[in-house]
Structure formats: C-alpha cells, structure tokens
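# Residue-level structural notes
Below are the chains, spelled out letter by letter.
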Amino acid sequence: MSKSNDFENDLLKLIFNGTAIANLADNAVTGPLTSLFLALHTSDPGEAGTQSTGEIAYTGYARIPVLRTSGGWTITANSVSPVANVEFAEMTGGVGGTATFVTIGVAVTGATKVLYRGALTPTIAVTTGVIPRIKPTSTITED
C-alpha cells in the first residue's frame, strides 16, 4: 500500500510545520516540539539507531535546531527541505571525520528518536576550520 500524495504532504506538514491534519492528528496541545534537530553521522545509524549512533564528534559540534514552521521547512510536491542553509559549528579540534549521513530527530542531545535519516551527497570531510553545511537543495521525499 501507498499513501496518497495529499496525505504525504499533510504528514510532512504535521511533522515539519506543526500543522494539524483535520479530523486525524493535532500538533500536541501541551508542549509540542517547537524545533527538530539535525545531526551529522560518520556512518548510517540504520533504522534501529538513534541520533547518537555514529554521530560525528569534534570540538564545537552540536545538533542544530530548525523551527517546526514554514519559516524553518519548505514542503512541496511530497518533499521537504530546510528554508535556509543549516550550518553546524566550525571544527576547532578533535577527531572530526567524514559526515556521510544526516538525521532529523527530536532532541538537542542524547540517544533520541530518529524521524528521518539519509545519505549526504556529497559527503562532508570535517577537518579543522571546516563549517559543515546542509543546503536548502537537500530534500526528503515521502512516497
């Protein structure tokens, strides 16, 4: 089975913009998430992984919050992308590595739920002085 295109867009709007799906789902009235958090990974965290599975580590690194609004995410034709560049902190020390995957999850730290994950193309070689960036041309497609 597959979701209809309308429902795919509704689902993306619920998750990324906090927009209710009439008569089906509401953005929680008490304490809904106001942001989703992007994390970089040096390996695929897999379907059973968390946001800390294979998460990159370097001095200055932190997950980046993106607002759950139309100001944070653009949704069109069953696809979602960040409205603006998502820039992680510059690597100033530590191990770094090559960021090969990105996840979108629910918390700024910890072994938390992954809502979406995907391979980065091109990958990002994170070394001293590099500022990793996810561009608005990066998309997630529901199908």
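Structure shown above.
The structure presented is a predicted model; accordingly, all values stated were derived computationally and were not measured.

Rules and cut-offs
- Residues numbered from 1 in each chain as written.
- Predicted model: local features only at pLDDT ≥ 70, side-chain atom pairs only at ≥ 80, totals over all residues.
- Heavy atoms only, no water.
- Salt bridge = Lys/Arg side-chain N within 4 Å of Asp/Glu carboxyl O.
- Helix = DSSP H or I, 4+ residues; strand = E, 2+ residues; numbered from the N terminus.
- Buried < 20%, exposed > 50% of the residue type's maximum accessible area, 1.4 Å probe, protein only.
- Pairing = 2+ DSSP bridges.
- Axes fitted to C-alpha atoms, helices over the stretch in contact; angles between N-to-C directions.
- Phe/Tyr/Trp six-rings, centres within 6.5 Å; stacked < 30°, edge-to-face > 60°.
- Contact = heavy atoms within 4.5 Å.

Side chains bearing opposite charge may pair, as long as their charged atoms lie close to each other. One pass over the structure, following the stated rule, counts 4 salt bridges. Here aspartate 44 ties to arginine 117 by a salt bridge, and the two come within 2.7 Å at their closest N and O atoms. Here the residue aspartate 44 occupies a position in the loop between strand E1 (35-41) and strand E2 (64-67), and arginine 117 occupies one in strand E7 (residues 114-126), the gap between them amounting to 73 residues. Overall, the relative accessible area of 35% leaves arginine 117 in the partly exposed class. With a shortest N-O distance of 2.7 Å, glutamate 87 and arginine 133 are connected by a salt bridge. Of this pair, glutamate 87 sits in strand E5 (residues 86-87) while arginine 133 sits in strand E8 (residues 133-134), and the two are 46 residues apart along the sequence. Overall, arginine 133 belongs to the partly exposed group, its relative accessible area being 36%.

This paragraph deals with the sheet that holds strand E6 (residues 97-105). In spatial order, the strands read E2-E1-E6-E7; together these 4 strands make up an open sheet with antiparallel pairing. Taken across any chain shown, the strands that pair with only one partner, and hence form the sheet edges, are E2 and E7. When the angles between neighbouring strand axes are averaged without regard to direction, this sheet yields 25°. Here 5 bridges tie E1 to E6, and the two strands are oriented antiparallel to one another. Bridged to phenylalanine 37 within E6 is glycine 105.

Our focus in this paragraph is the packing of aromatic side chains. The geometry of an aromatic ring pair is captured by the separation of the ring centres together with the interplanar angle, meaning the angle of the planes. The final tally for this structure, using the stated rule, is 4 aromatic pairs. Here phenylalanine 16 and tryptophan 73 contribute two aromatic rings whose centre-to-centre distance is 4.8 Å and whose plane-to-plane angle is 65°, an arrangement assigned as edge-to-face. Note that phenylalanine 16 is positioned in helix H1 (residues 5-17) and tryptophan 73 in strand E3 (residues 73-76), a separation of 57 residues in sequence. According to the relative accessible area criterion, phenylalanine 16 is buried, its value standing at 0%. Members of the aromatic cluster, each reached through a chain of ring pairs, are Phe16, Trp73 and Tyr116.

Here we come to the environment of leucine 40. Along the chain, the position of leucine 40 falls in strand E1. The buried category is assigned to leucine 40, whose relative accessible area is 0%. The contacts of leucine 40, once residues within four sequence positions are left out, are Gly54, Glu55, Ile56, Tyr61, Phe88, Ala99, Phe101, Val102, Leu120, Pro132 and Ile134.

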